[in-house]
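Okay, here's what each chain looks like letter by letter:
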Amino acid sequence: MSKQNDTPVLIISLLVTLGLLGAGAWWFTRSLDLGNLFSGGDSAEVGGGRRPSGAIADRLSGGERVLVTQEASADKQAGVRAIAAGDFQEAVSSFEAALAANRNDPEALIYRNNAQIGNQPAHLVAVAVPIGSSVNSALEILRGVAQAQTDINQAGGINGVPLQVMIADDNGDPDTSRQVAEALAANRDVLGVVGHFGSDSTLAAGEVYQANGLTAISPTSTSMSISELGDAVFRTVPSDRFTAAALSRHMVNTLQQQNAAVFFNANSDYSRSLKDEFTTALYGDGGQIVGEFDLGSSGFNAGQSVNQARQQGAEVLVLAANTATLDQALQVMSVNRQEITVLGGDSIYNPRVLQEGGAPAVGTIVAVPWHILFDPQSDFAQTSRQLWGGDVNWRTAMAYDATQVLIAGLEQNPTRDGVRQALSAGGFSAEGASGPIRFLPSGDRNQAAQLVVVEPGSRSGYGYDFVPASQN
């Protein structure tokens, strides 16, 4: 009888022991994960929250994987393998060799900077860019982040603590952007985010950042809807309201024209926002909209649309295109052949306009947040030329500014709440590419847009350049 009675007790004891061993093993592996800042995978928790799924983890890198795979050199690949193996000295050597062959690679520079930090304590920020869908735009943003990271680390860090950067590829897709934001928010080591690129992506991700108190600063998203996300979402690019005001004033006061036809993409929040803001600004300035044309419509025909705009009395064509409808915007320029003045939002500031637009694009006036020729002797302009071997554009400047803002917040209080509160304070200011960076209560940057125009030139290598409009 006694043996029969002891059997259940022994079984229960064995189960309890196995459970304790399993819990101990889980705790130990979790602790190991916490020590590996850049680890990926599916299971366990890291930094106080759920780790990202395999698909999203593969989109995140602090140097253990190459995200910009185009023309990734053998030295760059060797650096990535060295970081993954924890050999930071070898990683630094490999990335420096990669940069010696191609100094215009911001991903390699960020990884080199991270490898130099190694296992030292550091402040971590992330940058979310559309590598999979718009690699050139992603690289432009990464250059600004890399330059700011290099500057601060070479100066001794943030109150003596270096800045580490994690790169995230959101593919320019709102759903993926939201998942990336969830992964970044779950990693409590991430103290701020530079991103995202498009307004639709920033709106999707911004809801996550706001809910988690993680400060995000978009260098490129201009939609007015972003102003309503909350006190954790900022941007260093002026909103569509500033862009629209600059274009409208130029049209009415400088060009002395009253009637405009607007070309936009009804499926893009950015495009709709710019159209609406321009419409409001133009009516306020005494002009009017005589036609609206949806570039994203399956039946869009550039020739027919431009002819219809002429018949309706359009004196100016306004291109509120987004990146996805740049082809259609180029078609409008081509069929217009400089007959009607063309104005454009910041998405028209694209090398393809110079390369493919050619002569029909000459005279196109574009509103941008910053242009290097407005202040070519500034510290930022000269440093960027030395670092990258050429001129940078407004996306790089605004990404640099966004990183400088996070650095300023971290200097005051290196916590998530501390950064958010610092940036929300009424007197906050940080020094950027074009001077002081200040925010309105909405989180929008308080800065006017600048106007550039397409003219024949040799700076771009395409035979045409964006240069400051003389009226500016």
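About the thresholds
- Residues numbered from 1 in each chain as written.
- Predicted model: local features only at pLDDT ≥ 70, side-chain atom pairs only at ≥ 80, totals over all residues.
- Heavy atoms only, no water.
- Helix = DSSP H or I, 4+ residues; strand = E, 2+ residues; numbered from the N terminus.
- Buried < 20%, exposed > 50% of the residue type's maximum accessible area, 1.4 Å probe, protein only.
- Contact = heavy atoms within 4.5 Å.
- Areas by Shrake-Rupley, 256 points an atom, 1.4 Å probe, with all protein chains shown as cover.
- Axes fitted to C-alpha atoms, helices over the stretch in contact; angles between N-to-C directions.
- Parallel < 35°, antiparallel > 145°, perpendicular 65-115°, else oblique.
- Left-handed = near helix turned anticlockwise from the far one by under 90°.
- Core = buried A, V, L, I, M, F, W, Y, C linked by side-chain atoms within 4.5 Å.
- Pairing = 2+ DSSP bridges.
- Nonpolar A, V, L, I, M, F, W, Y, C, P; charged D, E, K, R; others polar.
- Phe/Tyr/Trp six-rings, centres within 6.5 Å; stacked < 30°, edge-to-face > 60°.
- Polar contact = N/O pair within 3.5 Å; in protein donor to acceptor, adjacent residues only side chain to side chain.

> I would appreciate a short explanation of the overall build of the protein in the present structure.
A count of helices and strands for the protein gives 16 helices and 17 strands. Buried positions account for 56% of the 472 residues belonging to the protein. Expressed as a percentage of contacts within the protein between residues at least 6 apart in sequence, the contacts between residues at least 24 apart total 65%. Surface exposure of the protein reaches about 19300 Å², of which carbon and sulfur atoms provide 47%.

> Would you mind going over the side chain of T325 with me for this structure?
With respect to the helices, strands and loops of the structure, T325 is situated in the loop between β11 (316-320) and α12 (326-336). Given the relative accessible area of 2%, T325 is considered buried. Excluding its chain neighbours within four sequence positions, the residues that come into contact with T325 are N265, L295 and G296.

> In this structure, what is going on with the packing of helix α15 (residues 394-412) against helix α16 (residues 416-424)? I would like to understand it.
Each pair of packed helices gets described by two things: the angle between the helix axes and the distance between those axes. Interhelical geometry of α15 versus α16 gives an angle of 110° and a closest axis separation of 8 Å. In terms of their interaxial angle, α15 and α16 are classed as roughly perpendicular. Considering only the axes of α15 and α16, their crossing is right-handed. Contacts between α15 and α16 involve V405, L406, G409, L410 and Q412 from the first element and V419, A422 and L423 from the second.

> Is there a simple way to think about the nonpolar core in this case?
Across soluble globular proteins, nonpolar side chains show a tendency to be buried alongside one another. F263 and L317 are the most contacted members of the largest nonpolar core, which totals 95 residues. With 11 residues, α15 is the largest single contributor of residues to this core. The next biggest cluster of nonpolar side chains, apart from the first, holds 25 residues, and it includes M251, F264, L274 and V453.

> Got a minute to help me understand the sheet that holds strand β17 (residues 464-468) in this structure?
Across a sheet, paired strands are connected by hydrogen bonds in the backbone, their directions being either parallel or antiparallel. An order of β10-β9-β11-β12-β13-β16-β17 is seen for the 7 strands of this open sheet, with the pairing classed as mixed. Strand pairing shows two members of the sheet lacking a second neighbour, β10 (288-294) and β17, which therefore form its edges. Strand after strand, the sheet turns through a mean of 25° between neighbouring axes, direction not considered. Relative to β17, strand β16 (residues 450-456) runs antiparallel, the two being bridged by 5 bridges. Across the sheet, P456 pairs through a bridge with Y464, a residue of β17.

> Help me understand the packing of helix α11 (residues 302-311) against α12 in this model?
Interhelical geometry of α11 versus α12 gives an angle of 60° and a closest axis separation of 9 Å. If you check the angle between α11 and α12, you find them oblique. Where α11 crosses over α12, the handedness of that crossing is right-handed. Contacts between α11 and α12 involve A302, G303, V306 and R310 on the former and, on the latter, Q331, V332, V335 and N336. Split by residue class, the contact of α11 with α12 holds 4 nonpolar, 3 polar and 1 charged.

> So what exactly am I meant to see when it comes to the sheet that holds strand β5 (residues 163-169) here?
A sheet is described by the order of its strands in space; here 6 strands give the open sequence β3-β5-β4-β6-β7-β8, paired in mixed fashion. The open sheet is flanked by β3 (60-61) and β8 (233-235), the only strands paired with a single partner. Relative to β8, strand β7 (residues 216-218) runs parallel, the two being bridged by 3 bridges. Paired with S218 across the two strands is R235, which belongs to β8.

> Would you mind going over the pairing of β5 with me for this structure?
Walk down a regular strand and you will see the side chains alternate between the two sheet faces. Extensive coverage of β5 is indicated by the burial of 7 of its 7 residues. Where burial is concerned, the two faces of β5 agree: the one with L163, V165, I167 and D169 and the one with Q164, M166 and A168 are both buried. By the bridge criterion, 2 bridges tie β3 to β5 in an arrangement that is antiparallel. Note on β5: the bridge partner recorded for S61 is I167. Judged from the 7 bridges that link them, strand β4 (residues 123-129) and β5 form a sheet pairing that is parallel. Note on β5: the bridge partner recorded for L124 is Q164.

> Would you mind showing me how to read the packing of aromatic side chains here?
Both the distance between ring centres and the angle between the ring planes are used here to describe each pair of aromatic rings. Overall, the coordinates contain 8 aromatic pairs when judged by the stated rule. Measuring from centroid to centroid gives 4.9 Å for F263 and F293, while their planes differ by 20°, and the two rings are stacked. Separated by 30 residues along the polypeptide, F263 in strand β9 (residues 259-264) and F293 in strand β10 bring together distant segments of the chain. Classification of F263 by relative accessible area gives buried; the value is 0%. Judged by its relative accessible area of 7%, F293 falls in the buried class. Their ring planes at 15° and their centres at 6.1 Å tell us that F428 and F439 sit as a pair that is stacked. Of this pair, F428 sits in the loop between α16 and β14 (430-432) while F439 sits in the loop between β15 (435-437) and β16, placing them 11 residues apart in sequence. The two residues F428 and F439 agree in class, both being buried. One aromatic cluster in this structure is built from F234, F428 and F439.

> Quick question: what am I supposed to make of the environment of R395 here?
Topologically, R395 is positioned in helix α15. Take R395: its relative accessible area is 5%, and that puts it in the buried class. Between the alpha carbons of R395 and V368 there is a distance of 9.4 Å; along the sequence they are 27 residues apart. Setting aside chain neighbours within four positions, we find R395 in contact with S137, E140, I141, F197, T220, D346, S347 and Y349. Side chain to side chain, R395 and E140 meet in a polar contact 3.3 Å long. Looking at R395, its side chain comes within polar contact range of the main-chain oxygen of Y349, at 3.0 Å.

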